[in-house]
Amino acid sequence: MNKDAIIVGGGVIGCSIALKLAEAGLKVAVIERGRVGCEASRAAAGMLAAQSEATGVGPFFDLCLRSRAMYREFAAHLKDASGIDVEYKDEGMLVVVLEGEDVKESTRWASWQAEAGFPLERLSGSAIGDLEPGVTESATGAIFIPDDHQVENRRLMDALEVAIKRAGVELMEGKEVTRLLLDRRRIAGVACGSEHFNAGTVVVAAGSWSSALLEPLGLNVEVIPARGQMIAVGGRPCPIKRVLHSSKVYVVPRRDGRILIGATIEYAGFQKSVTVNGIHSLLGAATEVVPILKNFEMIESWAGLRPDTADHLPIIGPTGVENLFLATGHFRSGILLAPITAQLVAEGILSGSVPDELKPFGVERFRRGTSADTDPKVN
Ligand code: FAD
Ligand code: GLY
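Residues numbered from 1 in each chain as written. Chains lettered and ligands numbered in written order. Predicted model: local features only at pLDDT ≥ 70, side-chain atom pairs only at ≥ 80, totals over all residues. Heavy atoms only, no water.

1. A closer look at the overall build of the chain
Across its full length, the chain carries 11 helices and 18 strands. In summary, the chain has a C-alpha radius of gyration of 21 Å against a globular reference of 21 Å for 379 residues, a match within 12%. Principal-axis analysis of the C-alpha atoms places the extent of the chain at approximately 65 × 40 × 40 Å. Residues classed as buried in the chain amount to 55% of the 379 residues present. Partitioning the contacts of the chain with sequence separation of at least 6, the portion at a separation of at least 24 is 74%. Accessible area of the chain: about 15700 Å², with a carbon and sulfur share of 50%. Side-chain charges of the chain comprise 40 positive and 47 negative groups, with the mean position of each set lying 3 Å from the other. (Helix = DSSP H or I, 4+ residues; strand = E, 2+ residues; numbered from the N terminus. Rg over C-alpha atoms; globule rule 2.2 N^0.38 Å. Buried < 20%, exposed > 50% of the residue type's maximum accessible area, 1.4 Å probe, protein only. Contact = heavy atoms within 4.5 Å. Areas by Shrake-Rupley, 256 points an atom, 1.4 Å probe, with all protein chains shown as cover. Lys, Arg positive; Asp, Glu negative; His and termini not counted. Charge placed at Lys NZ, Arg CZ, Asp CG, Glu CD.)

2. Let's talk about the sheet that holds strand β4 (residues 93-97)
Spatially, β5-β6-β4-β13-β14-β15-β12-β16 is the arrangement adopted by the 8 strands of the open sheet, whose pairing is mixed. A strand with exactly one partner marks an edge of an open sheet, and here the two such strands are β5 (121-124) and β16 (297-308). Averaged over neighbouring strand pairs, the angle between their axes works out to 20 degrees when direction is ignored. The pairing of β4 with strand β6 (residues 141-145) spans 5 bridges and is classified as antiparallel. Bridging across to β6, L94 finds its partner in F144. Taken strand by strand, helix α9 (residues 276-289) contacts β4, β12 (224-234), β13 (243-245), β14 (250-253), β15 (258-262) and β16, and its axis lies near 55 degrees from that of β12. (Pairing = 2+ DSSP bridges. Axes fitted to C-alpha atoms, helices over the stretch in contact; angles between N-to-C directions.)

3. Re unusual backbone geometry
Note: most residues except glycine have negative phi, and most peptide bonds are trans. R236 connects to P237 through a cis peptide bond whose omega is -10 degrees. Geometrically, the link from G262 to A263 is a cis peptide bond, its omega value of -20 degrees lying close to zero. Relative to the assigned elements, A263 resides in the loop between β15 and α9. Of note in the backbone geometry, H312 takes a positive phi value of approximately 65 degrees without being a glycine. Inspection of the secondary structure puts H312 in the loop between β16 and β17 (315-318).

4. Structural notes on the pattern of salt bridges
A full pass over the atoms with the stated rule returns 26 salt bridges. For R66, the salt bridge is made with E357, and the minimal N-O distance between the two is 2.5 Å. Here R66 is found in helix α3 (residues 59-82), whereas its partner E357 is found in the loop between α10 (334-351) and α11 (364-367), with 291 residues between them in sequence. Residue class for R66 comes out partly exposed when judged on its relative accessible area of 33%. Residues joined in a network through salt bridges with shared partners are R35, E161, K165 and E173. (Salt bridge = Lys/Arg side-chain N within 4 Å of Asp/Glu carboxyl O.)

5. Observations regarding the environment of F118
Among the secondary structure elements, F118 is positioned in the loop between α5 (108-115) and β5. Each C-alpha atom, one on F118 and one on N323, is 38 Å from the other, the two residues being 205 residues apart in sequence. When neighbours within four sequence positions are excluded, F118 is seen to be in contact with Q51, F61, L65 and Q113.

Okay, here's the thing in structure tokens:
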């Protein structure tokens, strides 16, 4: 096999990049050790929570807003390319303040967003019922964010799988990349055990498992798994129309009638167990927001590993090894950030220069003044 580009990892990030590159005419392969989307990308809640999960202004917030703005078209393009509807639901999100919480404190984020001109609406406790009658009557206020939406991320992964195959991407599932191959200071391909695959460019999009591939090259990039436990419940009629957040939980209604409840954020290594404590706290927090959920049926529970980094920001861009790119560390926002990541990585690969928007997310930020400033090792 001799490809223009090999993508390591068939999650939402790897598949979105593969699609963009294949549509630009490159010969691309995705190598995935399990099945497409089998890790964080299928475990996610699919929220496009650019504003409701924002921690402040800056390049990351800008990246999230840009990607959110691309989503309607991204979803439509995937529908055309795969025939699969990824269920882009555009009802906005509601962040609910519960009794006993300090409204000012818990909605401080809304003040800087409102001052900066981002759309949101403050609702009094009594007005919440008009929008979402299923929310507890004891809620004291809420913020409605009209532009934060959701997609069905399992369908998103199904659509990406079909779309990349139709675009000519060679998808190799059940194959683990064990080593990155260098030719002097340039990437030459990847090894899967004794099999070698050559490529002009390699993109490591291996989510929480990215560090292990980079370490042998002297690239000490720490990507840390952050476990998220989730539950799906079901019942009729669905008591909510849109995604709800409280300070402890989010609740996501799907078109098929399931309601997702998520998620914990835990640093428990690579264990994907669902724990009694996790389920107990999620159910308690969700039924506080939507009391009727107490009567609903438990359908499913699962856990996934978010790829986190030391500063909780993604690592996207070149590595110092010629033609080796990274696209990982998307932590809580990989579904949201897939279209913009794919566009900018493809732009960087095709033009040979790093787009300005990616500069704050380069791997160099972890290397400044450390031993990792040394040249990459050659194998
Ligand atoms: P992954 O989906 O983990 O994919 C990496 C892939 O690489 C895996 O399939 C793995 O098998 C493969 N791989 C690893 N090593 C190798 C190797 N050596 N060789 C071959 N293949 C390899 N984000 C949002 O935007 N909105 C949300 O609402 C949201 N909710 C979330 C809820 C939960 C519970 C969790 C866990 C995450 C959530 N996220 C959300 C975050 C989002 O899921 C991740 O940021 C995103 O899926 C990361 O995508 P990825 O492709 O980088 O990683
Ligand atoms: N963005 C939702 C989560 O990571 O749980």
